[in-house]
There are 2 protein chains.
Amino acid sequence: MKNISQEDYISIIYKHRDGGGVIKSNTIAERMNISNAAVTDMVRKLSRDGLINYTRYKGVSLTGSGETKAINLIRRHRILESFLYKIVKMPWEKVHEEVENLEHGASDDLVNRLEVMLEYPEYDPHGDPIPDKKGKMPKARSAVRLDLLPTEKSAIVVRVNDYDHEFLRYVASVGITMSSEVKVKSQLNFDKSIVLTVDGNDINMSQKMASNIFVQEKKNRIK
Amino acid sequence: MKNISQEDYISIIYKHRDGGGVIKSNTIAERMNISNAAVTDMVRKLSRDGLINYTRYKGVSLTGSGETKAINLIRRHRILESFLYKIVKMPWEKVHEEVENLEHGASDDLVNRLEVMLEYPEYDPHGDPIPDKKGKMPKARSAVRLDLLPTEKSAIVVRVNDYDHEFLRYVASVGITMSSEVKVKSQLNFDKSIVLTVDGNDINMSQKMASNIFVQEKKNRIK
DNA sequence: GATATAATTTAAGCACACTTAAATTTATAA
DNA sequence: TTATAAATTTAAGTGTGCTTAAATTATATC
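Here the structure is a predicted model, which is why all the values come from computation and not from measurement. (Residues numbered from 1 in each chain as written. Chains lettered and ligands numbered in written order. Predicted model: local features only at pLDDT ≥ 70, side-chain atom pairs only at ≥ 80, totals over all residues. Heavy atoms only, no water.)

Q: Would you mind going over the environment of Val198 of chain A with me for this structure?
A: All names here are of chain A. With respect to the helices and strands, Val198 occurs in strand β6 (residues 194–198). Relative accessible area serves as the criterion here: at 1%, Val198 is assigned to the buried category. Each C-alpha atom, one on Val198 and one on Leu62, is 40 Å from the other, the two residues being 136 residues apart in sequence. With residues near it in sequence (within four places) discarded, Val198 still touches Val174, Gly175, Ile176, Glu181, Val182 and Ile203. (Helix = DSSP H or I, 4+ residues; strand = E, 2+ residues; numbered from the N terminus. Buried < 20%, exposed > 50% of the residue type's maximum accessible area, 1.4 Å probe, protein only. Contact = heavy atoms within 4.5 Å.)

The following block contains the structure:
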């Protein structure tokens, strides 16, 4: 049987490491909702298995084979999400959670078949790029964090971080999804929260939430 | 998180209990390829959780809620198999193994959606009946064990037990699948093995193997 | 550079799902 | 009926992945 926990750790490390490829054990514990002691335990096993570099009291980083494995896990996750969304027509905000439970059992063979059915998709339902069989990522689309978008500029949602189910459900409930058109009306200095228009409705959103939504500015029509 | 092992035990008990609804701990151990001691352990937990009836040294049987659970697990398994076979076009002999790994993560919601996509299938790719949402089984098709089929009678394969991956792969490799036409040419008294014709080819098959394949006699055309 | 505080690791312990080996209970056959 | 064989359970132990609490190391501030 496969090692479910190890897979989760590897994915988390890949997704949340910093620019230098390093992640603190604290961050892992927070993202997985477990104790730091548990992370120390597992991190030693992953190091023993050659998947990460680890020295006590420093953060960890993926080795070559760790990164290869991570990319394969990401690929599996994103193809399954695309499949549930596009073919099974499961609601946008539900697919991430479903796939978290489903993915550990899916074989490479199944993933490859789904990729063919989907005609080699480049981005998943949250706008994240899908690595191909060799691990090559399509180039990320340029996008701006919603909390950094200048006011009164219309923009299109192209990516939403799928770090948290509750966040995804909330975002969907206020009418935001891929390709939604949004416009920031104002940013409050008090708490940095923003007021934005989606589908003609005004909603308020914390800076933290907005910083997990990425948009592309709409090109102005040529007059 | 769900309890993977408990689900496996419940399914095995449901599938391999005898006419009186009872299964010996020995049988469970054999079918799951684990020790008898492990079965004793788990059987106490299942009993504690109200899913089975258990008295030391006697076999076990499912309680009402155990049976309800079993039927739901069977439903999940068979719908996922049908889905992989009919929609993803995965080979017949591969779907059982894939689903064994996949099923523990699939939500009822997903299963229900797949059922709709499949237009409420009644039988899975191995010919087993699929219970509906309420647990109602379509009535089993009348069929004869292949080792009991009279010689020289043509018959159609309508069900194959999916108890073992190796068996399924072998069966597929000799050209037998659902709706295959077969005819028993002779049965050897020596070891009860049979010689049968499939697609014009003659093959020999042990009685044990044949007893896991079920066929319907072809109606004779009216002359 | 000493010291307070924050991050991390170690220690001890728990539940789970297994194992092998020994003991016990049940079934079978003389 | 009793000896023996077969099935089952108990006992002791293992690896995994977690926990809390205490000890250690790193970092930030004066």
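Q: Would you take a moment to explain the interface of chain B and chain A for this structure?
A: By convention, interface size is frequently given as the accessible area that disappears when the constituent parts associate. Of the residues lining the interface, 21 residues belong to chain B; the matching set on chain A comes to 21 residues. Here chain B meets chain A over a buried area of about 1600 Å², counting both sides, of which 65% is carbon and sulfur. At the junction of chain B and chain A, the tally comes to two salt bridges. For the salt bridge of Asp109 of chain A with Lys94 of chain B, the shortest nitrogen-to-oxygen distance reads 3.6 Å. On inspection of chain B and its partner chain A, the count reaches two residue pairs in polar contact (both at pLDDT 80 or more). Secondary structure elements with two or more residues in the side of chain B that touches chain A: α4 (64–86), α5 (95–102) and α6 (108–117) of chain B. Counting residues per element, the side of chain B that touches chain A draws most heavily on α6 of chain B, which supplies five residues. Partitioned by chemical class, the residues of the side of chain B that touches chain A number 13 nonpolar, three polar and five charged. (Buried area = accessible area lost by both parts, 1.4 Å probe. Salt bridge = Lys/Arg side-chain N within 4 Å of Asp/Glu carboxyl O. Polar contact = N/O pair within 3.5 Å; in protein donor to acceptor, adjacent residues only side chain to side chain. Nonpolar A, V, L, I, M, F, W, Y, C, P; charged D, E, K, R; others polar.)

Q: Please clarify how the domain arrangement of chain A should be interpreted in this entry.
A: If you check the domain split of chain A, you get domain 1 (4–62) and domain 2 (144–217). For domain 1 of chain A versus domain 2 of chain A, the distance between C-alpha centres works out to 30 Å. (Domains from an automatic or database assignment.)

Q: Looking at this structure, I do not really get the protein's contact with DNA strand C. What am I missing?
A: DNA strand C sits among 21 residues. The nearest are Asn26, Thr40 and Tyr54 of chain A together with Asn3 and Ser35 of chain B. Looking at DNA strand C alone, sugar and phosphate atoms form 75% of those within 4 Å of the protein. Contact between DNA strand C and Arg44 of chain A: a phosphate oxygen at 3.3 Å from a side-chain N or O atom of the residue. Every element with two or more residues in the surface near DNA strand C is listed here: α2 (25–32) and α3 (36–48) of chain A together with α1 (4–16) and α3 (36–48) of chain B. When its residues are assigned to classes, the surface near DNA strand C shows nine nonpolar, seven polar and five charged. (Near = heavy atom within 4 Å.)

Q: Which parts of the structure should I look at to understand the nonpolar core?
A: As a rule of thumb, soluble globular proteins bury nonpolar side chains together. Core analysis: the largest hydrophobic core is formed by 31 residues, its most contacted members being Phe83, Leu84 and Leu110 of chain A together with Phe83, Leu84 and Leu110 of chain B. Elements that contribute at least two residues to this core include exactly α4 (64–86), α5 (95–102) and α6 (108–117) of chain A together with α4, α5 and α6 of chain B. When sequence neighbours within four positions are dropped, the list of residues in contact with Leu110 of chain B reads Leu84, Val88, Met90, Glu98 and Leu102 of chain A. (Core = buried A, V, L, I, M, F, W, Y, C linked by side-chain atoms within 4.5 Å.)

Q: Would you mind showing me how to read the protein's contact with DNA strand D here?
A: Neighbouring DNA strand D are 21 residues, the closest being Asn3 and Ser35 of chain A together with Asn26, Thr40 and Tyr54 of chain B. Among all atoms of DNA strand D positioned within 4 Å of the protein, those belonging to sugar or phosphate total 72%. Between DNA strand D and the protein, one listed contact pairs a phosphate oxygen with a side-chain N or O atom of Ser35 of chain A at 2.6 Å. Between DNA strand D and Tyr54 of chain B, the relevant distance is 2.5 Å, taken from a phosphate oxygen to a side-chain nitrogen or oxygen of the residue. Of all the elements in the fold, those that place two or more residues in the surface near DNA strand D are α1 (4–16) and α3 of chain A together with α2 (25–32) and α3 of chain B. With five residues, the top contributor of residues to the surface near DNA strand D is α3 of chain A. Across the surface near DNA strand D, the residue classes break down as nine nonpolar, seven polar and five charged.

Q: How should I be thinking about the environment of Ser25 of chain B in this particular structure?
A: Residues and elements named next belong to chain B. Note that Ser25 resides in helix α2. Separated by 18 residues in sequence, Ser25 and Glu7 have C-alpha atoms that sit 16 Å apart. Ignoring anything within four residues of it in the chain, the contact list for Ser25 reads Asn36 and Val39.

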